[in-house]
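Each chain, written out:
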Amino acid sequence: MSLAGKATTSILGLSGLPLAWFLIDRGLAAPWLAILLLVLYEAVIGLGAMLLSVAQQTVRRRLEQIANVADLAFGRKVSRYARHYRRYVLERNGHINTRDLAHTPSHVPELDAVYVDVGLALGSPSKRSGGLLPANLDDSGERHAIHELLDREQPAVFAVIGAPGSGKSTLLRHTARRSVLRGKRQRRRIPVLIALRDHAESLSGDPSQTLADLIRGDIGALEVKEPKDWWEVRLREGDCLVLFDGLDEVARKEDRTAVSEWIEHQIAKHPRNDFVVTSRPHGYRTAVIPRAVVLQVRPFTTEQIRTFVKGWCLATERLATNAPVAEVDRRAQEEAQDLLDQLAVAPSLQELAVNPLLLTMMVLVHRERRALPAGRADLYGQVCDVMLWRRQEAKKLEVKPNGAIRQRILATLAYEMMLEGVRDHSKPQILAIFDRQLNGIDTDIDSESLLESIVDSSGLLIEREKDLYSFSHHTFGEFLAATHIRANNLAGTLKAQVANPWWRETTVFFAANSDASPIVAACLEDDSFTALSLAFACVAGNGQIDQGLRQRIDQLHIDAFLPEADPDRRRLVARALAAHHLSRVVVLDNGTFICPDPIPLDLYWLFCKDTGTVVPDGFREIDGSDAGVSAEGMWRQEARAFVEWVNAAAIEANTGMYRIPSKDEVEALIRSGIGVLGSSTAPPVVFTSDPQTVSVPEPWSSGVELPAGHGRIRLRSQLAIDVEMSGLVGGLVSLHPEYSEWSWPDRDADMTFPDARATEFLSRESVLIRTFRILVSGMESGDANSDSVPRAGIGSTLIDLREECAMVLTANGTRHPAFLQSRSPSGACAERLCVKAKIDDGYHSSATLDRLALSLTSACDMLDATPSIRSEWIRAASERLLRSARPILARLAPPHPDALRAMRISAAVLAAEAEGLGLITIAPLFREIAYGTAQIQARIEGGLPLERLILARE
């Protein structure tokens, strides 16, 4: 109590005696009553004094507390601690982490400059999802960015599960940076990133440790002192985004379980904050966080690979040079495109590129060497080093036994599996192999612990089913088996298996860094197309091979193109070339394996020779030196025949089957930027399994632009040229009965055609139709009005209409060469023909080339089935056209421009005749033939884009 309070209480207490005396003295109260009142008075005064003292103390404490809270709040508001912490987060996570890579770059780019969001999908971790590469590349499900799922009104808890190197840590680092940079635009704007491996021991030993204390210990002292209880308040208010990285990196299972329980406790204690935990699948299955929604990290898509490569090249080029911006951009673009082009021709490396860590390794190797490793072996070796031990050492995790021994043990396992011809091994089988290898090694780790360590940390080996293990990708097993063969001088195994496709990739890996001459010699001795294909692959891999053997392989290829080549030998080389070409495949985002390069011209020529197929439109002769030139101009039926031919060889070799890809698959390949289709500014036309080809519109489509240099078919104009070039005008006039009424100059004089009169003459519909009927049917002029069958011996060769005209002229005893030089009457003649046949400038046909033979056959059949037709001429003329045109339209004989011209004019005349007879269902079929022959001629002469063929694997 204060001094004033004590004085007041004393005065009031002393005043009780005078008041009691006053009551007794005045007789106001009996003495005993006065004394009783005095006692009560003093008791009330004493009690009041005590209550007042307690109240004063309580109020004082409350005021002190309010003052302290206000002081702390004000201190936190004005403190620079938050600002310094945000700077700490940005600087700590500012650059790509390259400590655990095989190559340390001279210039490390900033994280924001190269970051590509991998994308997340809802789902629980499966046993197969723990591999370095995804077991199923089907990415049709919805992908989410992590920031789309965080900072919502309702707090979230996520477990982000992904394979080694899938980008989990980078995802959290970028998320922390993004949260800082967005600042007050977020509800939970204070990110906390904690590597659980750094605190596993302390958390398992002292689970009572608070999250706030863990954060303080993790970040240490900043330049500005933390205000009292700053972290406790932030967590209590729900201002934090808590990011726990690497639950699987807590090594011991019991520690991992303890850490998982501690995290669950912190989530319950601070429910207003967002929490994210990352882990590999195997580690999470043993330490599940019940409240967490599981998100699976998705592999890179082809477009994401391109974005990452371009971003990395641009960022490092800017750091490495002081060149002008335009020059830096140009160099970066060239470097990125070069890497992407190399990936396009190395599909097995592109399969690895869906993993962000492995893609980062590729860009580092490419920048250092300006090339990806030839034969893949070098890169696969680096992958095994990084995944088996280098990353663990960079994170200061114990690796037992050392990396070289681990790889040797795993290589032995791979070799044993290759010998047995299996992709899976049971746990007892693997432990038996590991035990044999560990017997001679001074280490305290047992085989079971080693297996668990390799599965948990490397991603190279996965538990596909309960106690059944396989390599995450069969190619890793093939590479490691080749490593074992090289280290133990077991090349004889490969020599004995040159005709066995199971050993092909292992042999190619071996040949990349070893003397492959004995293997190539064994391939030539075996002489099967599987063995020869392997020999071609070994030579293409630039391994160590005797020069004489290389020359024998080259000579095999050249000999197959000689006219006198043995058909069986030619077929053998063709199938070997096909197997080699189709071994280069890429994987689309939906998991489709597709060869990005069109079928080459030399391979297609060998197919034509082997099967008797007509060479494509626009074909030129080759001599075997046309490597890299794509075949083009085949028809769809021939493309299908080629696929059947390839699959027949595949069945014999017991290898994969192929098919024509779908439109969606081709368009995905174009978007990927891989191969000819992806890298070309004007992609070629390619066949698809859908009715239409893609990448450029069909030549007969309307309202679209074709590539530069490719015009649209204008049948009416083409027919005018045909009539002029065929010399028909003179023949038409000379065959007509009115011919004798004209006066002609002396045959030795400079003869010219009377244009004005001829134009008027040929414009008469009756003259046009009668004379054309004479020409097409081969009748003499005297039979022009007859519907009888044409006389034998006249016009028996319909294909050459110029010859037909000459024959009829000779039969009538007239010769006027000047007629053949006229021009303007030809236009009038063609114009009247097109009007009668209903062919205008906008006419186009949607019929495919493969339908032309069927259309012509259908027209003839329909004419035969219509007895009411009064004209025998149209039946006879159509049958003559069918006999002459069928070999060309059915692709039994190569087309020739003169033959196509004759077919086109005949079809147009028959269309005009059918229209005149009211045969409205038959006339369009003849128009299709006329248009189709114009299209074929344009393809031969380079006026239309020609189809190419790519194949997808079943």
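None of these values were measured; they are calculated from a predicted model.

1. Section: the side chain of Thr360
Okay, so step 1: Locating Thr360 in the fold gives a position in helix H16 (residues 356-369).
Okay, so step 2: For Thr360, a relative accessible area of 9% puts it in the buried group.
Okay, so step 3: A polar atom in the side chain of Thr360 sits 2.8 Å from the backbone oxygen of Pro356.

2. Looking at the confidence of the model for the protein chain
Okay, so step 1: Per-residue confidence for the protein chain gives a mean pLDDT of 76; residues scoring 70 or more make up 76%.
Okay, so step 2: For residues 774-823, every residue scores under 50 in pLDDT, and the model assigns this stretch 99 contacts once sequence neighbours within four places are set aside.

3. Digging into the nonpolar core
Okay, so step 1: With 181 residues, the main nonpolar core has Leu211, Trp231, Phe244, Leu410, Phe434 and Phe642 as its most contacted residues.
Okay, so step 2: If sequence neighbours within four positions are ignored, Trp231 has contacts with Tyr81, Tyr85, Ile190, Val192, Ala212, Ile215, Arg216, Ile219, Glu226 and Cys240.
Okay, so step 3: Core analysis: the next-biggest nonpolar cluster, separate from the first, contains 48 residues, Leu852, Ile869, Ala885 and Ala899 among them.

4. Remarks on the packing of helix H21 (residues 474-487) against helix H23 (residues 504-512)
Okay, so step 1: Running from N to C, H21 and H23 point in directions that differ by 50 degrees, and their axes come no closer than 8 Å. The angle between H21 and H23 places the two elements in the oblique class. Crossing hand, H21 versus H23: right-handed. Contacts between H21 and H23 pair Thr475, Glu478, Phe479, Ala481, Ala482, Ile485 and Arg486 from the former with Glu505, Thr506, Phe509 and Phe510 from the latter.
Okay, so step 2: Residue composition of the contact of H21 with H23, by class: 6 nonpolar, 2 polar and 3 charged.

5. Side note on the pairing of strand S3 (residues 190-195)
Okay, so step 1: Summarising burial for S3: 6 of the 6 residues are buried, a large majority.
Okay, so step 2: Residues of S3 alternate between two faces, with Ile190, Val192 and Ile194 on one and Pro191, Leu193 and Ala195 on the opposite face, all of them buried.
Okay, so step 3: In the sheet, S3 pairs with strand S4 (residues 240-245) via 6 bridges, with the strands oriented parallel. What sits directly across from Ile190, in S4, is Cys240.

6. Some thoughts on the UniProt feature "transmembrane region" (unreviewed entry) in the protein chain
Okay, so step 1: Mapped onto the present numbering, the UniProt feature "transmembrane region" (unreviewed entry) falls at residues 30-52.
Okay, so step 2: Span residues 30-52 is 96% helix and 0% strand, its end C-alpha atoms 33 Å apart.

7. Description of helix H41 (residues 923-940)
Okay, so step 1: Relative to the 26 Å expected for 18 residues at 1.5 Å per residue, H41 spans 26 Å between its end C-alpha atoms, a close match to the ideal helical length.
Okay, so step 2: For H41, a buried count of 16 out of 18 residues is recorded, marking the element as mostly surrounded by other parts of the structure.
Okay, so step 3: One or two positions beyond H41, positive phi appears at Gly942, with a value near 85 degrees.

8. Notes on the sheet that holds strand S7 (residues 424-426)
Okay, so step 1: Pairing within the open sheet is antiparallel, and its 3 strands lie in the order S7-S9-S8. The sheet is open, and its two edges are formed by S7 and strand S8 (461-465), each paired on a single side. Ignoring strand direction, the axes of neighbouring strands in this sheet form an average angle of 40 degrees.
Okay, so step 2: Sheet topology places S7 next to strand S9 (residues 468-471); 3 bridges connect them, and they run antiparallel. In the strand pairing of S9, His425 is matched with Tyr469.
Okay, so step 3: Each of S8 and S9 is contacted by helix H20 (residues 447-457), which is oriented at about 95 degrees to S8, the strand it contacts most.

9. Some words on the pattern of salt bridges
Okay, so step 1: This model, assessed by the stated rule, comprises 33 salt bridges.
Okay, so step 2: With a shortest N-O distance of 3.3 Å, Glu632 and Arg948 are connected by a salt bridge. With Glu632 in the loop between helix H28 (601-611) and helix H29 (636-653) and Arg948 in strand S14 (residues 947-948), the pair connects residues that are 316 residues apart, well separated along the chain.
Okay, so step 3: For the salt bridge of Lys838 with Glu915, the shortest nitrogen-to-oxygen distance reads 3.4 Å. Here the residue Lys838 occupies a position in the loop between helix H37 (824-837) and helix H38 (852-864), and Glu915 occupies one in helix H40 (residues 897-916), the gap between them amounting to 77 residues.
Okay, so step 4: With a relative accessible area of 55%, Lys838 lands in the exposed category.
Okay, so step 5: A single network of salt bridges, built from pairs that share partners, joins Glu317, Glu327, Arg330, Arg331 and Glu334.

Here is what the cut-offs are and how they apply
Residues numbered from 1 in each chain as written. Predicted model: local features only at pLDDT ≥ 70, side-chain atom pairs only at ≥ 80, totals over all residues. Heavy atoms only, no water. Helix = DSSP H or I, 4+ residues; strand = E, 2+ residues; numbered from the N terminus. Buried < 20%, exposed > 50% of the residue type's maximum accessible area, 1.4 Å probe, protein only. Polar contact = N/O pair within 3.5 Å; in protein donor to acceptor, adjacent residues only side chain to side chain. pLDDT = per-residue confidence, 0-100. Contact = heavy atoms within 4.5 Å. Core = buried A, V, L, I, M, F, W, Y, C linked by side-chain atoms within 4.5 Å. Axes fitted to C-alpha atoms, helices over the stretch in contact; angles between N-to-C directions. Parallel < 35°, antiparallel > 145°, perpendicular 65-115°, else oblique. Left-handed = near helix turned anticlockwise from the far one by under 90°. Nonpolar A, V, L, I, M, F, W, Y, C, P; charged D, E, K, R; others polar. Pairing = 2+ DSSP bridges. UniProt positions renumbered as here; feature names shortened; annotations may be inferred. Expected span 1.5 Å × (residues − 1). Salt bridge = Lys/Arg side-chain N within 4 Å of Asp/Glu carboxyl O.

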